[in-house]
Amino acid sequence: MRATGINHVSISATDLEASTRFYEEVFGMERIATPVFETPVQWLRVGGLQLHLFLDESGPAPSRHHLGLTIDDFAAAYEAIRARTSDEWGSQLVELPSGQVQLYFRDPAGNLIELNWPDADALDRSRYPELRRLADYVPQTPESERAVLYLDGSLV
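Scoring rules and cut-offs
- Residues numbered from 1 in each chain as written.
- Predicted model: local features only at pLDDT ≥ 70, side-chain atom pairs only at ≥ 80, totals over all residues.
- Heavy atoms only, no water.
- Pairing = 2+ DSSP bridges.
- Helix = DSSP H or I, 4+ residues; strand = E, 2+ residues; numbered from the N terminus.
- Axes fitted to C-alpha atoms, helices over the stretch in contact; angles between N-to-C directions.
- Contact = heavy atoms within 4.5 Å.
- Phe/Tyr/Trp six-rings, centres within 6.5 Å; stacked < 30°, edge-to-face > 60°.
- Buried < 20%, exposed > 50% of the residue type's maximum accessible area, 1.4 Å probe, protein only.
- Core = buried A, V, L, I, M, F, W, Y, C linked by side-chain atoms within 4.5 Å.
- Lys, Arg positive; Asp, Glu negative; His and termini not counted.
- Salt bridge = Lys/Arg side-chain N within 4 Å of Asp/Glu carboxyl O.
- Polar contact = N/O pair within 3.5 Å; in protein donor to acceptor, adjacent residues only side chain to side chain.

Some details on the sheet that holds strand E1 (residues 8-13)
- Strands sit in the order E1-E4-E3-E2 across an open sheet of four strands; the sheet is mixed. Looking at which strands have only one partner, the edges of the open sheet turn out to be E1 and strand E2 (30-32). Going across the sheet, the axis of each strand differs from the next one's by a mean of 35 degrees, ignoring polarity.
- Bridge count between E1 and strand E4 (residues 49-55): six bridges; the pairing is parallel. When the bridges of E4 are listed, His-8 appears paired with Gln-50.
- Strands E1, E2, strand E3 (41-46) and E4 of the sheet are contacted by helix H1 (residues 16-27), whose axis makes an angle of about 155 degrees with E4.

Have a look at this one:
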C-alpha cells in the first residue's frame, strides 16, 4: 500500500465564516457541499483538491505548520495579500536557490500560508523590494540548491 496523492488539507479557523470568505475572495476557492460534523466545518474546492476549514477556538495556530498554494498570477496575489496583511499577520517574500518564489503570510485565524510562484526572473523586482534570496541569509548545501517546489516539471 502507498499513498497516491493528497486529497485535502484541513486547517483551523477561529471564525469559520470570516476564514471561508477570505479564501473565497483572495483565492477564488469555492464552497462545496460539506457534511455536518460535531465541530463546524466548511469544505472548499481548490482546483481538483479540497481545503477543509474547521472551527477551533482552542488557541493560536501552530507557528510553522503551513499550507502551500500555487497561484496563477503573482502580482494579483501579492496585491491582495498586501491589502489584507496587517503588522500582526506579517509577510515574507523569499527566492529559493531554484529561482522559485515563496510569499508567506498569515490568514485571519493565524495559519501560515505560503504562496508559490515558479520563476523569480519573471517578476519585476522593483515591484517587490522585500524579495530576498534565501541563500543570502541562510547558507545552502549543494543538495539544497537542487531543491524544487514543482516535482513533475509543471510550473503553473
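Okay, back to it.
Describing the packing of aromatic side chains
- Counting across every chain of the model gives nine aromatic pairs.
- Ring centres 5.1 Å apart and planes at 80 degrees place the aromatic pair Phe-74 and Tyr-128 in the edge-to-face group. Here Tyr-128 lies in the loop between strand E8 (112-117) and strand E9 (132-133) and Phe-74 lies in helix H2 (residues 74-84), a separation of 54 residues in the sequence.
- When its relative accessible area of 1% is taken as the criterion, Phe-74 is described as buried.
- By relative accessible area, Tyr-128 is classed as buried at 3%.
- In this structure an aromatic cluster arises from ring pairing among Phe-22, Tyr-23, Phe-27 and Phe-105.

Some details on the nonpolar core
- In this structure, Tyr-23, Leu-51, Phe-74, Leu-93, Val-101 and Leu-115 are the most contacted members of the largest nonpolar core, which totals 29 residues.
- No other element matches H2, which puts five residues into this core.
- Apart from residues no more than four positions distant in its own chain, Tyr-23 is found in contact with Ile-11, Gly-28, Met-29, Leu-44, Leu-51, Leu-53, Asp-107 and Ile-113.
- The next biggest cluster of nonpolar side chains, apart from the first, holds five residues, and it includes Val-94, Leu-96, Tyr-104 and Leu-134.

Observations concerning the side chain of Glu-114
- If you trace the backbone, Glu-114 turns up in strand E8.
- The buried charged residue Glu-114 lacks any salt bridge, with Arg-64 as its nearest oppositely charged partner at 10 Å.
- Polar contacts involving the side chain of Glu-114 include one to the side chain of His-66, which spans 3.1 Å.
- Only 2.9 Å separates the side chain of Glu-114 from the side chain of Gln-102, close enough to count as a polar contact.
- If near-sequence neighbours (up to four positions away) are discounted, Glu-114 is found in contact with His-66, Leu-67, Gly-68, Leu-69, Gln-102, Leu-103, Tyr-104 and Leu-149.

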